[in-house]
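# Tertiary structure, described
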Amino acid sequence: MPDVLVAGLAGLGALLLVVGVSARKLGDFDLPMNLATGRLMWHTGHIPRIDDFSFLHGTVRYVELVSVTLYAAALRLGGPLGLQILGGLSAACLAGLLWLQARRFGPVAFVTTALSVAAASSFLVVRSSALSFPLLAAVLLALDVHRRQPGTRRGWQALGAFVALSLVWANTHGSVPFGLLVGGMYLSYRVGCRFGRGRLGPLLPASDGSDVGAAGGAFAVAVGMGCLNTAGPELLLGPLRWGGKLDVLGTFSEWARPTASFFADHEPLIAVTLALAVLAGLFGRDADTGAHVPALYDLLLLLLALACAATAVRLLPLSAILVSPWLARRVGRQVNPAPVV
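Just so it is clear, the structure is predicted and the values come from calculations on it, not from any experiment.

## Re a nonpolar patch on the surface
A cluster of nonpolar side chains, contributed by Leu 269, Val 272, Leu 276, Val 278, Leu 279, Leu 282, Phe 283, Leu 303 and Leu 306, occupies part of the molecular surface with about 780 Å² of accessible area. Ranked by the residues each element gives to the nonpolar patch, the list is headed by helix H11 (residues 268–283), at 7 residues. Summarising the element assignment, Leu 269 is placed in helix H11.

Laid out in structure tokens, this is it:
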């Protein structure tokens with residue numbers, strides 16, 4: 001496919017996505033608090049430590065600095081439409097990052113990216129959690145670049161990007177432990193490849209066992225960067241932070257466990273996307289190596305996506321994002337049989 005046509009299709013798709021998501025009405029329940037916090041920071045120049053918007057004036061333990069700043073700036077510059085456009089740009093950024101990781105597999109990258117973004121469409125709204133979606137895609141891309149070019153300047157730059165993304169994510173939304181989990185899985189995979197020495201074939205290829213020291217150092221620094229937020233290291237405890245309990249989450253609809261009827265009635269496209277991902281794992285081949293057996297890291301990402309889909313409604317968009325590169329990798333060779341560069 002000519003490069004000009006590819007660029008044209010990518011640009012047109014991004015524009016339509018921005019317009020489509022920007023046309024949605026603002027309706028998230030957390031948005032007014034985020035806007036009020038951002039406006040307060042804008043006028044005072046300080047991060048609030050006391051909740052001036054509640055009757056009891058409790059302690060503010062965590063402020064999503066990047067999110068509230070972006071929302072306050074968008075509202076100040078463009079009003080409600082500015083907020084809507086910010087949501088559209090976030091969605092386009094997600095699609096662009098997913099496509100960048102899969103583009104070497106040929107035209108299938110457009111299909112898998114569109115499928116995953118469409119599957120996550122219900123969750124592409126103006127809220128801080130939605131800003132974590134492109135951050136997850138960026139983490140996946142950075143780790144993939146290092147995986148393909150370990151020990152090179154570009155590979156080390158990718159690890160540096162992973163560290164920087166952890167800092168940004170920690171101040172954007174409290175889901176930064178999820179990104180660090182992916183980074184920990186990647187490090188564990190490289191360590192396994194290092195000690196496996198190719199004895200398990202494509203599951204733990206010896207070629208992915210190099211540059212373990214750099215990957216480990218980057219992961220350690222990324223964890224430290226994740227602690228640099230207004231809540232400190234407590235943020236990395238996830239739902240357990242500040243005395244929360246996992247069993248309480250089920251009382252909130254977005255943390256409820258998805259059921260078969262929920263998928264059928266509300267999110268059928270996510271169910272279809274995950275089913276295709278499983279089929280691709282069973283019958284597809286790795287587009288880079290031609291092996292039927294997937295590498296353990298790719299398999300772990302698929303299992304993580306399935307675990308997200310089985311755990312909570314709120315995690316469904318993360319599962320759709322995780323399987324996008326997997327689908328492109330597993331079916332790229334069938335769709336584009338030419339050698340992958």
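## A look at the packing of helix H7 (residues 176–196) against helix H8 (residues 212–226)
Where H7 contacts H8, the axes come no closer than 10 Å and their chain directions differ by 160 degrees. On the basis of their axis angle, the class for H7 and H8 is roughly antiparallel. For the pair H7 and H8, the sense of crossing is left-handed. Together, Leu 180, Gly 183, Gly 184, Leu 187, Arg 190, Val 191 and Arg 194 of H7 and Val 212, Ala 215, Gly 216, Phe 219, Ala 222 and Val 223 of H8 make up the contact between the two elements. For the contact of H7 with H8, the class distribution of residues is 8 nonpolar, 3 polar and 2 charged.

## A look at the layout of surface pockets
A volume near 330 Å³ is recorded for the second largest pocket. Taken together, 13 residues line the second largest pocket, and the ones lying closest to its centre are Ala 10, Gly 13, Ala 14, Phe 110 and Thr 113. Grouping the amino acids of the lining of the second largest pocket by side-chain chemistry returns 10 nonpolar, 3 polar and no charged.

## Points about the packing of aromatic side chains
Counting across every chain of the model gives 4 aromatic pairs. Considering the side-chain rings of Trp 99 and Phe 110, the 5.7 Å spacing of their centres and the 35 degrees angle between planes classify their relative orientation as tilted. Within this pair, whereas Trp 99 is found in helix H3 (residues 65–102), its partner Phe 110 is found in helix H4 (residues 108–119), the two being separated by 11 residues in sequence. Taking relative accessible area as the criterion, Phe 110 reaches 23% and is therefore assigned partly exposed. On the basis of an interplanar angle of 35 degrees and a centroid distance of 5.9 Å, the ring pair of Tyr 189 and Tyr 297 is categorised as tilted.

## What to know about the pattern of salt bridges
On inspection of all chains with the given rule, the structure shows 13 salt bridges. A salt bridge links Asp 144 to Arg 104, with the shortest nitrogen-to-oxygen separation between them at 3.2 Å. Here Asp 144, found in helix H5 (residues 128–148), pairs with Arg 104, found in the loop between H3 and H4; they are 40 residues apart in sequence, far enough to count as distant. Accessibility classification places Asp 144 together with Arg 104 in one group, the buried group. Through salt bridges with shared partners, a single ionic network connects Arg 104, Asp 144, Arg 147, Arg 148, Asp 208, Asp 286, Asp 288, Asp 298 and Arg 329.

## Brief notes about H5
The terminal C-alpha atoms of H5 lie 31 Å apart, and with 21 residues this matches the ideal 30 Å at 1.5 Å per residue to within 8%. By the criterion of burial, H5 is predominantly enclosed, with 20 of the 21 residues buried.

## Notes on the environment of Ala 305
Locating Ala 305 in the fold gives a position in helix H12 (residues 296–311). For the pair formed by Ala 305 and Ser 319, sequence separation is 14 residues and the distance between their alpha carbons is 4.0 Å.

## Notes on the nonpolar core
Counting residues in hydrophobic clusters, the biggest one holds 73 residues, and the most contacted among them are Leu 136 and Val 182. Examining the composition of this core, we find that 12 residues originate from one element, H5, more than from any other. Each residue touching Val 182, except ones within four places of it in the same chain, is listed here: Leu 136, Val 139, Leu 140, Leu 143, Tyr 297, Leu 301 and Leu 304.

## Section: the environment of Phe 29
Among the secondary structure elements, Phe 29 is positioned in the loop between helix H1 (3–22) and helix H2 (31–44). In this structure the C-alpha to C-alpha distance between Phe 29 and Ser 207, which are 178 residues apart in sequence, comes to 48 Å.

## Remarks on the confidence of the model for the protein chain
Looking at the protein chain as a whole, its pLDDT mean stands at 90, while 92% of the residues score no less than 70. No element of the protein chain has a lower mean pLDDT than helix H9 (residues 246–249), at 49, and none a higher one than helix H6 (residues 153–170), at 98.

## Re the packing of H3 against H5
Contact pair H3 / H5: the axes reach a minimum separation of 9 Å and the direction vectors enclose 35 degrees. In the packing of H3 onto H5, the handedness of the crossing is left-handed. Contacts from Ser 67, Leu 70, Tyr 71, Ser 90, Cys 93, Leu 94, Leu 97, Leu 98, Leu 100 and Gln 101 in H3 reach Ser 128, Ala 130, Leu 131, Phe 133, Pro 134, Ala 137, Ala 138, Leu 140, Leu 141 and Asp 144 in H5.

The rules we used
Residues numbered from 1 in each chain as written. Predicted model: local features only at pLDDT ≥ 70, side-chain atom pairs only at ≥ 80, totals over all residues. Heavy atoms only, no water. Patch = residues over 30% accessible without salt bridge, like charges linked within 9 Å, V, L, I, M, F, W, Y side chains within 5 Å. Areas by Shrake-Rupley, 256 points an atom, 1.4 Å probe, with all protein chains shown as cover. Salt bridge = Lys/Arg side-chain N within 4 Å of Asp/Glu carboxyl O. Helix = DSSP H or I, 4+ residues; strand = E, 2+ residues; numbered from the N terminus. Axes fitted to C-alpha atoms, helices over the stretch in contact; angles between N-to-C directions. Parallel < 35°, antiparallel > 145°, perpendicular 65-115°, else oblique. Left-handed = near helix turned anticlockwise from the far one by under 90°. Contact = heavy atoms within 4.5 Å. Nonpolar A, V, L, I, M, F, W, Y, C, P; charged D, E, K, R; others polar. 1 Å grid on protein atoms, 1.4 Å probe; cavity = no way out; pocket = protein on both sides within 12 Å on 5 of 7 lines; lining within 4 Å. Points joined across faces, edges and corners; volume = space filled by probe spheres on them. Phe/Tyr/Trp six-rings, centres within 6.5 Å; stacked < 30°, edge-to-face > 60°. Buried < 20%, exposed > 50% of the residue type's maximum accessible area, 1.4 Å probe, protein only. Expected span 1.5 Å × (residues − 1). Core = buried A, V, L, I, M, F, W, Y, C linked by side-chain atoms within 4.5 Å. pLDDT = per-residue confidence, 0-100.

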